[in-house]
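So you can see what is in the structure, the chains are spelled out below.
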Protein chains: 2
Amino acid sequence: MVMSTKKMGREGAASGDTVGDSPIARLCVKHGLKMTGQRRVIARVLSEAEDHPDVEELYRRASELDSRISVATVYRTVRLLEEKGILERRDFGGGRARYEASENGHHYHLIDIDSGNVIEFENDELVGLLAKIAAELGFDLMSHRAELFGRRTAPEKKKDAAPEDGNRSSPTGRA
Amino acid sequence: MVMSTKKMGREGAASGDTVGDSPIARLCVKHGLKMTGQRRVIARVLSEAEDHPDVEELYRRASELDSRISVATVYRTVRLLEEKGILERRDFGGGRARYEASENGHHYHLIDIDSGNVIEFENDELVGLLAKIAAELGFDLMSHRAELFGRRTAPEKKKDAAPEDGNRSSPTGRA
DNA sequence: TTAGGTGCAAACCTTTTGCTCTATT
DNA sequence: AATAGAGCAAAAGGTTTGCACCTAA
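Residues numbered from 1 in each chain as written. Chains lettered and ligands numbered in written order. Predicted model: local features only at pLDDT ≥ 70, side-chain atom pairs only at ≥ 80, totals over all residues. Heavy atoms only, no water.

Draft legend 1. Examining the overall build of chain A more closely. Secondary structure summary: chain A contains 5 helices and 6 strands in total. N-terminal to C-terminal, the α/β element order of chain A is β-α-α-α-α-β-β-β-β-α-β. Among the 175 residues that make up chain A, the fraction classed as buried is 46%. Counting contacts in chain A only where the partners sit at least 6 residues apart, residues at least 24 apart contribute 57% of the total. Here chain A has roughly 9,000 Å² of accessible surface; of this, 50% comes from carbon and sulfur atoms. (Helix = DSSP H or I, 4+ residues; strand = E, 2+ residues; numbered from the N terminus. Buried < 20%, exposed > 50% of the residue type's maximum accessible area, 1.4 Å probe, protein only. Contact = heavy atoms within 4.5 Å. Areas by Shrake-Rupley, 256 points an atom, 1.4 Å probe, with all protein chains shown as cover.)

Right under this line is the structure:
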């Protein structure tokens, strides 16, 4: 099985015309969205994200690039992009929705239910099995999704690894 | 009086003894939980549920059986049972968590992308593989979900299962 | 008896929204 | 100029919790 960290989104300039736009910003343009400065920044943050940031985290990252952005805008933008199919919303538990660019390629998620960490992986055997199952049911598999929720196996006593995300688990300790 | 893992719809006495308890109530006992009247009722509602009720709905159903139950208790109970692994929380979007007995057997969804029909299926091989994958990553698999999106293979015309729920599942729900 | 459960209502969190002002097209 | 977007803050749900009172074991 291949574990991946996730694709990089290299970036260009932050403002101005379309040439320097991030991949996601370009998608926005393609979808006919009005490109405000805020949207460009948020799009850039999303393009550069290698994890599954929640809104709060997106807001923090966006604010570093442009402090004139409000959370409400992040919420609105993220919602808009999801409707356009540019973003995908995920819920790994913890109460907040997390976002990921649709263009990030196919992979699966294993969520550590204690820490909230998300591990991405690919697995050909899984793909094969799912395709086989679909075939047995009379279907051609077009796409699929699988999410595993697990807890670290006992013996190993690794110290808390750095979260792959900026997201900590739920405020109430709930996974 | 040993019951199978399938659900049973009837209930006996509401007081102390275990004989009339619902399958889930018995699981609670097995887990060493103190069995209050409220918990018995909620357990029964859960055992009888064939859908994925949210807390509000559970509360409504439980209230019909015993009006002395509060929403807070439903929330607390449902959370407790989830931690015990007796219940599984699902999120089909829409903002509220929905619950389902773990004993209902893990099923997966295959969505016909042309018709929107949802076919449920079980597959032990898949469970095994997912558990194996989790193990390889150093985790014990606690729960998981998998959704397949497919298109009917040319000639075959299989009868498809009824949608399992009135709940529309969101593309990015969680398990 | 006593640790733990329950009700009620207030508190909490995340997400949405009304309104006014601003910026993109 | 017209229209969609942004900010701010208040509102809106869903879920949790403090506290005093009960209850199963």
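Draft legend 2. Highlighting the pairing of strand E2 (residues 98-101) of chain B. All names here are of chain B. Both faces of E2 are covered, namely the face carrying Arg-98 and Glu-100 and the face carrying Tyr-99 and Ala-101. Two elements, strand E1 (residues 87-90) and E2, share 4 bridges in a ladder whose sense is antiparallel. Each bridged residue has a counterpart across the sheet, and for Arg-89 the counterpart in E2 is Tyr-99. (Pairing = 2+ DSSP bridges.)

Draft legend 3. Representation of the protein's contact with DNA strand C. Taken together, 20 residues lie around DNA strand C, and Tyr-75 and Arg-96 of chain A together with Arg-68, Ser-70 and Thr-73 of chain B are the ones closest in. Here, DNA strand C places atoms within 4 Å of the protein, and 71% of those atoms are sugar or phosphate. Between a phosphate oxygen of DNA strand C and a main-chain N or O atom of Met-35 of chain A, the distance comes to 3.1 Å. A distance of 2.9 Å separates a phosphate oxygen of DNA strand C from a polar atom in the side chain of Arg-39 of chain B. Among the elements of the structure, helix H4 (71-83) of chain A together with helix H2 (37-48) and helix H4 (71-83) of chain B are those that each provide at least two residues to the surface near DNA strand C. In terms of residues, the surface near DNA strand C owes the most to one element, H4 of chain A, which gives 4 residues. (Near = heavy atom within 4 Å. Polar contact = N/O pair within 3.5 Å; in protein donor to acceptor, adjacent residues only side chain to side chain.)

Draft legend 4. Looking closely at the pattern of salt bridges. Residues and elements named next belong to chain A. The full count for this structure, using the stated rule, is 29 salt bridges over all chains. Across the pair Glu-57 and Arg-61 runs a salt bridge whose closest N-O atoms are separated by 2.7 Å. Here Arg-61 and Glu-57 lie together in helix H3 (residues 55-65), a separation of 4 residues that amounts to about one turn. Given the relative accessible area of 9%, Glu-57 is considered buried. A salt bridge links Arg-90 to Glu-147; its shortest N-O distance comes to 3.9 Å. One end of the pair, Arg-90, is in strand E2 (residues 87-90); the other, Glu-147, is in strand E6 (residues 139-152), and 57 residues separate them in sequence. Using a relative accessible area of 7% as the deciding quantity, one classes Arg-90 as buried. On the basis of relative accessible area, Glu-147 is assigned to the buried category, the value being 2%. By sharing partners, the salt bridges in this structure join Asp-51, Asp-54, Glu-56, Glu-57, Arg-60, Arg-61 and Arg-96 into a single network. (Salt bridge = Lys/Arg side-chain N within 4 Å of Asp/Glu carboxyl O.)

Draft legend 5. Seen up close, the interface of chain B and chain A. Facing 42 residues of chain B, the contacting portion of chain A comprises 44 residues. With both chains or domains summed, chain B and chain A bury close to 3,800 Å², and 60% of this area falls on carbon and sulfur atoms. Taken together, chain B and chain A are joined by 4 salt bridges. Notably, a salt bridge pairs Lys-132 of chain B with Glu-125 of chain A, separated by 3.2 Å at the nearest N-O pair. Taken together, chain B and chain A are joined by 14 residue pairs in polar contact (both at pLDDT 80 or more). (Buried area = accessible area lost by both parts, 1.4 Å probe.)

Draft legend 6. A look at the packing of aromatic side chains. Residue and element names in this part refer to chain B. Summed over all chains, the structure comprises 2 aromatic pairs over all chains. Measuring from centroid to centroid gives 5.5 Å for Tyr-108 and Phe-121, while their planes differ by 35°, and the two rings are tilted. Of this pair, Tyr-108 sits in strand E3 (residues 108-112) while Phe-121 sits in strand E4 (residues 118-121); the two residues are 13 residues apart in sequence, bridging distant segments of the chain. Here the two residues Tyr-108 and Phe-121 agree in accessibility, since each one is buried. (Phe/Tyr/Trp six-rings, centres within 6.5 Å; stacked < 30°, edge-to-face > 60°.)

Draft legend 7. Spotlight on the packing of helix H1 (residues 23-30) of chain B against H2 of chain B. Residue and element names in this part refer to chain B. The contact between H1 and H2 brings their axes to 7 Å, and the two run at 130°. By the angle between their axes, H1 is oblique relative to H2. Contacts between H1 and H2 pair Pro-23, Ile-24 and Ala-25 from the former with Ala-43, Leu-46 and Ser-47 from the latter. Considering only residue class, the contact of H1 with H2 consists of 5 nonpolar, 1 polar and no charged. (Axes fitted to C-alpha atoms, helices over the stretch in contact; angles between N-to-C directions. Parallel < 35°, antiparallel > 145°, perpendicular 65-115°, else oblique. Nonpolar A, V, L, I, M, F, W, Y, C, P; charged D, E, K, R; others polar.)

Draft legend 8. Focus on the environment of Gly-37 of chain A. Within the secondary structure, Gly-37 of chain A sits in helix H2 (residues 37-48). Taking the C-alpha atoms as reference points, Gly-37 of chain A and Asp-66 of chain A, separated by 29 residues in sequence, lie 8.8 Å from one another.

Draft legend 9. Region of the structure containing H4 of chain A. All names here are of chain A. An ideal rise of 1.5 Å per residue puts 18 Å on 13 residues; H4 measures up with 18 Å between its terminal C-alpha atoms. The set of residues buried in H4 consists of Val-74, Thr-77, Val-78, Leu-80 and Leu-81. Buried residues along H4 cover an arc of 160° about the axis, so they all sit on one side. Of the exposed residues in H4, those oriented more than 90 degrees away from the buried face are Tyr-75, Arg-76, Arg-79 and Glu-83. (Expected span 1.5 Å × (residues − 1). Arc of directions from axis to C-beta.)

These results come straight from atomic positions and should not be treated as a statement about function.
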